[in-house]
Amino acid sequence: AHCEVPCGIYADQRRFEEMLEDTATIAKAIGQINELSTKDDALSHNQLARWVATKESHATNIQGIVAQYFLTQRIKPDNQDYVNQLKAAHAVMVAAMKCKQTVDQASAEALKKSIFDLYRAYEGKEPDFEHDH
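Residues numbered from 1 in each chain as written. Predicted model: local features only at pLDDT ≥ 70, side-chain atom pairs only at ≥ 80, totals over all residues. Heavy atoms only, no water.

As for the packing of helix H1 (residues 12–36) against helix H4 (residues 105–123)
Convention followed: To obtain an axis, a line is fitted to C-alpha atoms, over the contacting stretch when the element is a helix, and the angle between two such axes runs from 0 to 180 degrees between their N-to-C directions. Helical segments are the DSSP runs of H or I of at least four residues, strand segments are the runs of E of at least two, and each set is numbered from the N terminus. Put simply, angles under 35 degrees are roughly parallel, angles over 145 are roughly antiparallel, angles from 65 to 115 are roughly perpendicular, and the rest are oblique. Throughout, a residue-residue contact means that at least one pair of heavy atoms, one from each residue, lies within 4.5 Å. Residues were grouped as follows: Ala, Val, Leu, Ile, Met, Phe, Trp, Tyr, Cys and Pro as nonpolar; Asp, Glu, Lys and Arg as charged; and all remaining residues, including Gly, as polar.
Contact geometry of H1 with H4 gives a least axis separation of 8 Å together with a crossing angle of 170°. By the angle between their axes, H1 is roughly antiparallel relative to H4. Only Gln-105, Ser-107, Ala-108, Leu-111, Lys-112, Ile-115, Phe-116, Leu-118, Tyr-119, Tyr-122 and Glu-123 of H4 make contact with H1, whose side of the interface consists of Asp-12, Gln-13, Phe-16, Met-19, Leu-20, Thr-23, Ile-26, Ala-27, Ile-30 and Gly-31. Classifying every residue of the contact of H1 with H4 gives 13 nonpolar, five polar and three charged.

Examining the pattern of salt bridges
The cut-off we apply is this: Any Lys or Arg side-chain nitrogen located within 4 Å of an Asp or Glu carboxyl oxygen qualifies as a salt bridge. Three exposure classes are used, based on accessible area relative to the maximum for each residue type with a 1.4 Å probe and protein chains only: buried under 20%, partly exposed in between, and exposed over 50%.
The final tally for this structure, using the stated rule, is five salt bridges. As a salt-bridge pair, Arg-74 and Asp-12 come within 3.0 Å of each other at their nearest N and O atoms. One end of the pair, Arg-74, is in helix H2 (residues 42–74); the other, Asp-12, is in helix H1, with 62 residues separating them in the sequence. Assessed through its relative accessible area of 25%, Arg-74 is described here as partly exposed.

Comments concerning the packing of aromatic side chains
We count it as follows: Any two rings among Phe, Tyr and Trp, with Trp reduced to its six-membered ring, count as a pair given centres within 6.5 Å; such a pair is stacked if its planes are under 30 degrees apart, edge-to-face if over 60, and tilted if neither.
Summed over the entire model, instances satisfying the criterion amount to six aromatic pairs. For the ring pair Tyr-10 and Tyr-69, a centre distance of 6.1 Å and an interplane angle of 70° mean the geometry is edge-to-face. Here Tyr-69 lies in helix H2 and Tyr-10 lies in the segment before H1, a separation of 59 residues in the sequence. By relative accessible area, Tyr-69 is classed as buried at 0%. Taking 4.9 Å as the distance between ring centres and 75° as the angle between the ring planes, the aromatic pair formed by Phe-16 and Tyr-119 counts as edge-to-face.

Details of the nonpolar core
Defined as follows: The criterion is simple. A nonpolar core is a set of buried Ala, Val, Leu, Ile, Met, Phe, Trp, Tyr and Cys residues joined through side-chain atoms within 4.5 Å.
Core analysis: the largest hydrophobic core is formed by 27 residues, its most contacted members being Phe-16, Met-19 and Leu-111. The set of elements that each furnish at least two residues to this core consists of H1, H2, helix H3 (82–101) and H4. Not counting residues up to four positions away in its chain, the partners in contact with Met-19 are Ile-62, Ile-65, Val-66, Phe-70, Ile-115 and Leu-118.

Here's the deal with the environment of Ala-108
Locating Ala-108 in the fold gives a position in helix H4. Sequence separation between Ala-108 and Val-83 is 25 residues, and the spatial gap between their C-alpha atoms is 25 Å. Setting aside residues up to four positions removed in sequence, Ala-108 forms contacts with Thr-23, Ile-26, Ala-27, Ile-30 and Cys-99.

Quick notes on the packing of H2 against H3
Note the threshold: Left-handed describes a crossing whose near helix is turned anticlockwise from the far helix through less than a right angle; right-handed describes the clockwise counterpart.
Running from amino to carboxyl end, H2 crosses H3 at an angle of 165°, the nearest separation of the two axes being 8 Å. Taken together, H2 and H3 sit at an angle that is classed as roughly antiparallel. Viewed along their axes, H2 and H3 form a crossing whose handedness is left-handed. Of H3, the residues touching H2 (which contributes Lys-55, Glu-56, Ala-59, Thr-60, Ile-62, Gln-63, Val-66, Ala-67 and Leu-71) are Leu-86, Ala-89, Val-92, Met-93, Ala-96, Met-97, Cys-99, Lys-100 and Gln-101. A per-class count over the contact of H2 with H3 returns 12 nonpolar, three polar and three charged.

What follows is the structure, encoded as structure tokens:
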């Protein structure tokens, strides 16, 4: 996610955008997995495996951003909203884990919601993104 030198160069908005992009990829992967799982040919099986790997990779990336970037560098214990931020960060990590475990679109929607909730807890305002997520 970012260095731990610390260099003091942070891009919080970019991290949220990246997590939302990962979530969109997870949602697409879930749709493709469900579609390809009904087919019985080698190409579909190959693509199915690739979509599963993609879904896992993007969920892991979200967990890494929360752990590496937010929990170790940005969410500080002396912040008055510390507990709420920790709860929200934990919810994102758990939601990403559930996306790995299921092929239900509801899990991707829950992940998206948890990222927006983390944004609210972290930024103290409603999410404002350039792109519609």
